[in-house]
Amino acid sequence: MVAGALFKSAKSSLTLVQCAKTSITGVRTFTSVLNDQQLEIQKIARQFADEQLKPNARKLDLEGRFPFNQIKCLTDMGFMGMAVEETYGGRELDYLSVAVAVEELSRGCASTGMIMSLHNFLYTNLVNEKGTAQQKEIFLCDFTKGSIGCFALSEPDAGSDVASIKTKATFDGDHVILNGKKSWVSSAIEGSALVVFATVDPALRHKGLACFLVPTEAEGVFRGKKQPLMSVRAVTACDVTFEEVRIPKAYMVGQVGEGFKIAMEQLDQARIGIAAHAVGIAQAALDTAINYAKEREAFGKKLTRLPSVQERLTEMSILTETARLLTYRAATHVSTKNSSMAKYVAGRNATAAADHCVQILGGRGLATTHDAERHYRDARGTQIYGGVTDVQKRLIGHYLLREHDAL
């Protein structure tokens, strides 16, 4: 199917599968069976990944080139505002639908899948759920139609320790003045707006944090050079500096002191996307390994006949499916514990699966002319961004003990 026909068909299909976001509090059981709507989204995303992403993924990675054409197509298909209200150009789909799409797109191109995931889980859903009507008109409508949103939380001295943020917000009448520096802001070079977390007083720690929406073209916003990355090389990440950036006070999301809670809630949701992203990479590694083992011969037989290779493929399948089940559960029952468990397991399992893939391919597994080494690099990154695995374990342990009144 040619690209144009695919997009037209996909856009039409997505219109048919619009549904209201699942009420998490009303869910009392979990099932891994996708409904008809989610299966349709999975089919559309998989077809796009096979036909448009996978053939270009290696080239984009080697060149470190942002996938503008692919993101434009995903925008036209409705994938860049999946959980957003229809009023603002979205599809009003639930988080499991978004996770399924992220997985399939990441299977074709991890970089493209990550861009789509961060835009949906860290930017558009924040503005959609927490923004005022005015904020949605300015910072949401265009972001379901092609503009890209970014999430600026980390700083040179504040990564996992969010309460140590030093970017300063000073109120001046009906305006706010921002000064500070953010690090590792994905898509900031291409983005049109930023979700920025700043403090009114560093001494207040988490109680002094506030959340702001900032146009990237605002006077005093300076974007640094792209940081070379080991994984998802087609994704741009750079520093963003704020020097006397003056924005309307109306661009503040919530109230002063609510910034920490907003950031934590967004990270809970973002980890669902990262987990789905990792599952897609693990599945890509498994696909690569099986396809290679079916064709390659050693000791007079196909690699698939060798017990050692069979064991590795079996392990890869178990790792991938385990991560997928945890991710589906996290998307259905959104909580810090569930999303941390999903991200922790999915990131580790994707890295392990990709390692098996490299080993099965042998020397070819180290060559940039094959996909195995890219899958390994992409998988390793999923244990870092969105909260390192060490932090996820601490969160899981904390909420586990709290559930049992053992703190």
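Please refer to the structure higher up on the page.
The following paragraphs examine the structure supplied in this document. As the structure is a prediction and not an experimental result, all values here were calculated from the model.

## Some thoughts on the overall build of the protein chain
- Broken down by element type, the protein chain carries 11 helices and 10 strands.
- In terms of C-alpha radius of gyration, the protein chain reaches 21 Å, essentially the compact-globule figure of 22 Å for 407 residues.
- For the protein chain, the proportion of its 407 residues judged to be buried stands at 54%.
- For the protein chain, restricting intrachain contacts to residue pairs at least 6 apart in sequence, the fraction spanning at least 24 positions comes to 74%.
- A total accessible area of about 17500 Å² is found for the protein chain, and carbon and sulfur atoms account for 51% of it.
- Put simply, the protein chain has 48 plus and 44 minus side-chain charges, and the middle of one group is 4 Å from the middle of the other.

## Looking at the pattern of salt bridges
- Evaluated as defined, the whole model comprises 23 salt bridges.
- Residue Arg107 pairs with Asp50 through a salt bridge whose shortest N-O separation is 3.0 Å. Taken together, the positions of Arg107 in helix H4 (residues 95-108) and Asp50 in helix H2 (residues 36-63) put the pair 57 residues apart, joining distant regions of the chain.
- Judged by relative accessible area, Arg107 falls into the buried class, the value being 15%.
- Using a relative accessible area of 39% as the deciding quantity, one classes Asp50 as partly exposed.
- With a closest N to O distance of 3.3 Å, Glu104 and Arg107 form a salt bridge. One end of the pair is Glu104 and the other is Arg107, both in helix H4 and 3 residues apart, which spans about a single turn.

## What to know about the side chain of Ser106
- Considering the arrangement of structural elements, one finds Ser106 in helix H4.
- Excluding its chain neighbours within four sequence positions, the residues that come into contact with Ser106 are Gly113, Met114, His277, Gly280 and Ile281.

## Topic: the state of the cysteines
- Applying the stated criterion across every chain yields a total of 0 disulfides.
- Take Cys109: it sits in no disulfide, and the sulfur closest to it among the cysteines is that of Cys73, at 13 Å.
- In this structure Cys357 is not part of a disulfide, and its nearest cysteine sulfur, from Cys109, lies 16 Å away.

## Describing the side chain of Thr144
- Note on placement: Thr144 falls in the loop between helix H6 (133-139) and strand S1 (149-152).
- A distance of 3.0 Å separates a polar atom in the side chain of Thr144 from the backbone oxygen of Cys141.
- In this structure, Thr144 is in contact with Thr75, Met80, Gly81, Val84, Tyr88, Gly89 and Gly90, ignoring residues within four places of it in sequence.

## Brief notes about the packing of aromatic side chains
- Scanning the model with the defined rule gives 6 aromatic pairs in all.
- Note on Tyr95 and Phe121: the rings are 5.5 Å apart at their centroids and 55° apart in plane angle, and the pair reads as tilted. In this pair, Tyr95 sits in helix H4 while Phe121 sits in helix H5 (residues 110-130), placing the two residues 26 residues apart along the sequence.

## Digging into H2
- The end-to-end C-alpha separation of H2 is 38 Å, in line with the 40 Å expected for 28 residues at 1.5 Å each.
- Looking at H2, one finds that the buried residues are Gln38, Ile41, Gln42, Ile44, Ala45, Phe48, Ala49, Gln52, Leu53, Ala57, Leu60 and Asp61.
- Capping the start of H2 is the job of one residue whose side-chain oxygen sits 3.1 Å from the backbone nitrogen of Gln37: Asn35.

## Concerning the nonpolar core
- Residues Phe79, Leu178, Phe212 and Val214 are the most contacted members of the largest nonpolar core, which totals 120 residues.
- In terms of residues, this core owes the most to one element, helix H7 (residues 259-295), which gives 17 residues.
- Beyond its immediate chain neighbours, meaning those up to four positions away, Val214 contacts Phe139, Leu178, Ala193, Leu194, Val196, Val221, Phe242, Val245 and Ile247.

## Details of unusual backbone geometry
- Of note in the backbone geometry, Ser187 takes a positive phi value of approximately 65° without being a glycine.
- Mapped onto the elements of the fold, Ser187 is located in the loop between strand S3 (175-186) and strand S4 (193-199).
- Relative accessible area serves as the criterion here: at 5%, Ser187 is assigned to the buried category.
- Unusually for a residue other than glycine, Arg205 sits at a positive phi of about 55°.
- Its place among the elements puts Arg205 in the loop between S4 and strand S5 (209-215).

## Digging into helix H10 (residues 372-381)
- Most of H10 sits inside the fold, with 8 of its 10 residues counted as buried.
- Every buried residue belonging to H10 is among Ala372, Glu373, Arg374, His375, Arg377, Asp378, Ala379 and Gly381, and all of these are buried.
- Each element contacted by the buried residues of H10 is listed here: H2, H5, H7 and helix H9 (336-361).

Parameters at a glance
Residues numbered from 1 in each chain as written. Predicted model: local features only at pLDDT ≥ 70, side-chain atom pairs only at ≥ 80, totals over all residues. Heavy atoms only, no water. Helix = DSSP H or I, 4+ residues; strand = E, 2+ residues; numbered from the N terminus. Rg over C-alpha atoms; globule rule 2.2 N^0.38 Å. Buried < 20%, exposed > 50% of the residue type's maximum accessible area, 1.4 Å probe, protein only. Contact = heavy atoms within 4.5 Å. Areas by Shrake-Rupley, 256 points an atom, 1.4 Å probe, with all protein chains shown as cover. Lys, Arg positive; Asp, Glu negative; His and termini not counted. Charge placed at Lys NZ, Arg CZ, Asp CG, Glu CD. Salt bridge = Lys/Arg side-chain N within 4 Å of Asp/Glu carboxyl O. Disulfide = S-S within 2.5 Å. Polar contact = N/O pair within 3.5 Å; in protein donor to acceptor, adjacent residues only side chain to side chain. Phe/Tyr/Trp six-rings, centres within 6.5 Å; stacked < 30°, edge-to-face > 60°. Expected span 1.5 Å × (residues − 1). Core = buried A, V, L, I, M, F, W, Y, C linked by side-chain atoms within 4.5 Å.

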